[in-house]
Amino acid sequence: MKRTGKIRNKMMAGLFAAALLAGTALPAYADSRNMTVNYTEASTYTLSIPATVNLSETEEVSEVIGVSAVNVATTEQVQIKVSSGISDGKVTLTDTKDATNKISSTVSLTTGGEGIAGDAVVAAFEGNSTTAVSGGTLYFSALGDVYAGSYEGTIVFEASIVTKTN
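Residues numbered from 1 in each chain as written. Predicted model: local features only at pLDDT ≥ 70, side-chain atom pairs only at ≥ 80, totals over all residues. Heavy atoms only, no water.

Colleague: Explain the overall build of the protein chain to me, and be specific about the residues and the numbers.
Modeller: Per the secondary structure count, the protein chain includes 1 helix and 12 strands. Order of helices (α) and strands (β) in the protein chain, N terminus to C terminus: α-β-β-β-β-β-β-β-β-β-β-β-β. Pairs at least 24 residues apart make up 71% of the contacts formed inside the protein chain by residues separated by at least 6 positions. (Helix = DSSP H or I, 4+ residues; strand = E, 2+ residues; numbered from the N terminus. Contact = heavy atoms within 4.5 Å.)

Colleague: Break down the nonpolar core for me, citing the residues and quoting the values.
Modeller: One finds Ile80, Val107, Ile116, Val122, Leu138, Ile155 and Phe157 to be the most contacted residues of the largest nonpolar core, which totals 23 residues. Of all the secondary structure elements, the ones that give two or more residues to this core are strand S3 (66–71), strand S4 (76–84), strand S6 (90–95), strand S7 (102–108), strand S8 (121–125), strand S10 (137–140) and strand S12 (156–163). The residues contacting isoleucine 116, other than those within four sequence positions of it, are Val82, Ile86, Gly89, Val107, Ser108, Leu109, Val122 and Leu138. (Core = buried A, V, L, I, M, F, W, Y, C linked by side-chain atoms within 4.5 Å. Buried < 20%, exposed > 50% of the residue type's maximum accessible area, 1.4 Å probe, protein only.)

Colleague: Could you give an account of the sheet that holds S8, naming the residues involved and the relevant values?
Modeller: An order of S9-S8-S4-S12 is seen for the 4 strands of this open sheet, with the pairing classed as antiparallel. Whereas interior strands pair on both sides, the edge strands pair on one side only; in this sheet they are strand S9 (134–135) and S12. The pairing of S8 with S9 spans 2 bridges and is antiparallel. Residue pairing in the sheet places alanine 124 in a bridge with serine 134 of S9. (Pairing = 2+ DSSP bridges.)

Colleague: How would you summarise unusual backbone geometry if you had to cite specific residues and measurements?
Modeller: Of note in the backbone geometry, alanine 69 takes a positive phi value of approximately 50° without being a glycine. Mapped onto the secondary structure, alanine 69 falls in strand S3. When its relative accessible area of 56% is taken as the criterion, alanine 69 is described as exposed. Although it is not a glycine, aspartate 88 adopts a positive phi angle of roughly 55°. Relative to the assigned elements, aspartate 88 resides in the loop between strand S5 (86–87) and S6.

Colleague: Explain the side chain of glutamine 79 residue by residue, including any values.
Modeller: Looking at where glutamine 79 falls in the secondary structure, it is placed in strand S4. There is a polar contact of 3.0 Å between the side chain of glutamine 79 and the side chain of glutamine 77. Discounting residues that sit within four places of it in the chain, glutamine 79 has contacts with Val121, Ala123, Ala124, Glu158, Ala159, Ser160 and Val162. (Polar contact = N/O pair within 3.5 Å; in protein donor to acceptor, adjacent residues only side chain to side chain.)

Colleague: Requested: an account of the pairing of S6, with residues and values cited.
Modeller: Alternating residues of S6 divide into Val91, Leu93 and Asp95, all buried, and Lys90, Thr92 and Thr94, none buried. Relative to S6, S5 runs antiparallel, the two sharing 2 bridges. Each residue of the ladder has a partner; that of serine 87, found in S6, is lysine 90. Remark: 2 residues form the turn of the hairpin made by S5 and S6, two consecutive strands paired antiparallel; aspartate 88 in that turn has positive phi of roughly 55°. As defined by bridge partners, S6 adjoins S7 across 5 bridges and the pair is classed as antiparallel. Counterpart to leucine 93 in the pairing with S7 is isoleucine 103. Hairpin connection from S6 to S7: 6 residues lie between these consecutive antiparallel strands. Inspection of the sheet shows S6 paired to strand S11 (residues 151–152) by 2 bridges, in the antiparallel sense. When the bridges of S11 are listed, threonine 94 appears paired with glutamate 152.

Colleague: Any details on the pattern of salt bridges? Residues and values, ideally.
Modeller: Across all of its chains, the model carries 2 salt bridges by this definition. Of the charged contacts, one joins arginine 33 and aspartate 31 as a salt bridge, the two residues approaching to 3.5 Å between their closest N and O atoms. In this structure, the salt-bridge partner of lysine 164 is glutamate 126, at a minimum N-O distance of 3.7 Å. With lysine 164 in the segment after S12 and glutamate 126 in the loop between S8 and S9, this residue pair connects regions lying 38 residues apart in the sequence. Classification of lysine 164 as partly exposed rests on a relative accessible area of 24%. (Salt bridge = Lys/Arg side-chain N within 4 Å of Asp/Glu carboxyl O.)

These values are about where atoms sit, not about what they do.
The structure is reproduced here in structure tokens:
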């Protein structure tokens, strides 16, 4: 019996050693996965342009062109451009009762300044600021002597989000 017990012990020790070796021969896995976390906030703004500007025969008049609720990416800006209504730096107003009777006012970006081009950028805004980084105020020159009547003209603006150029 002793001999059988020794053989059994040796066999058990051998099996135990083999099991240990088999266990160490198996590769250990550490599985990893990546998770991408995203959030997108669209660039937005609300255009703020006065519906009416009342000009004067004797004084320059200014009007603010702007935005509210602006939130654009750091690489972008909101630009407001003139798309029509200014020619040779002036806005033309026509007598509502006599289409042959016209007057004009020079439109500039500075007080007493040169007239702007018909496609000029009149304001630019960045980040979430409602303070223009350029432009933002239009100046209309005094009209001078004008015949009695009601005169109207129109300036059309276009706003868009563009890539900043530095």
